[in-house]
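Spelled out from the first residue to the last, the chains are:
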Amino acid sequence: MSENNPFARLPEAASFSVTSTTVGDGDAWPPEQLASGVPGGRDVSPQLSWSGAPEGTKSYAVTIYDPDAPTGSGFWHWAVADIPATVTELPEGAGDDTGSGLPEGAFQLPNDARVARYIGAAPPAGHGRHRYFVVVHALDVASIGVPADATPALLGFTMAGHILGRAVLTATAETAAAAA
């Protein structure tokens, strides 16, 4: 695993709080948040609540990113844009195929598997512990202005000049190496 910090080269941003009834900061994902191809995995997005966003916040975006994926560019598991500033919680399972738990106006971008939904953790067997950065971005615009088929990387690039604050929770997952 790399100690890659995905925020190291981004503009500084105020911090605020994000919590989850699904997973604690630094804890391993429960089975439901793992990918459907992993035993017990169901691709269920985590419950998230946030508070203390900076004054002037006009919308939020939520991303889940694994910088430890063996791709050279990490792996985006979920990206949601245009969450209204009045919303401070997403229920568990909001990131299903239809985005049924998302507030009006918010939308999911295709993840690195190219599906517009949450896809769970599935680190390669024996690759070590992966970190999953669950981030709520407080933005100074009501709509970030990316198309619904944009990549999470384009969302991140577009948000860079609009981030007022960043709330971060880190979950982990590891798949044991197969027995020889």
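Our structure's up above, just so we're on the same page.
The model shown is predicted, which means the values in this text are computed figures rather than measured ones.

### Thoughts on the layout of surface pockets
In this structure, the largest pocket encloses a volume near 360 Å³. The wall of the largest pocket is formed by 17 residues, among which P6, L10, W76, G156 and F157 lie closest to the centre. Only β4 (59-66), β8 (130-139) and α1 (152-159) provide two or more residues apiece to the lining of the largest pocket. No other element matches the five residues that α1 contributes to the lining of the largest pocket. Among the residues making up the lining of the largest pocket, the classes are represented as 13 nonpolar, four polar and no charged.

### Things to note about the pattern of salt bridges
According to the stated counting rule, one finds two salt bridges in the structure shown. Residue D68 pairs with R131 through a salt bridge whose shortest N-O separation is 2.8 Å. Of this pair, D68 sits in the loop between β4 and β5 (75-84) while R131 sits in strand β8, and the two are 63 residues apart along the sequence. Here the two residues D68 and R131 agree in accessibility, since each one is buried.

What counts as what
- Residues numbered from 1 in each chain as written.
- Predicted model: local features only at pLDDT ≥ 70, side-chain atom pairs only at ≥ 80, totals over all residues.
- Heavy atoms only, no water.
- 1 Å grid on protein atoms, 1.4 Å probe; cavity = no way out; pocket = protein on both sides within 12 Å on 5 of 7 lines; lining within 4 Å.
- Points joined across faces, edges and corners; volume = space filled by probe spheres on them.
- Helix = DSSP H or I, 4+ residues; strand = E, 2+ residues; numbered from the N terminus.
- Nonpolar A, V, L, I, M, F, W, Y, C, P; charged D, E, K, R; others polar.
- Salt bridge = Lys/Arg side-chain N within 4 Å of Asp/Glu carboxyl O.
- Buried < 20%, exposed > 50% of the residue type's maximum accessible area, 1.4 Å probe, protein only.

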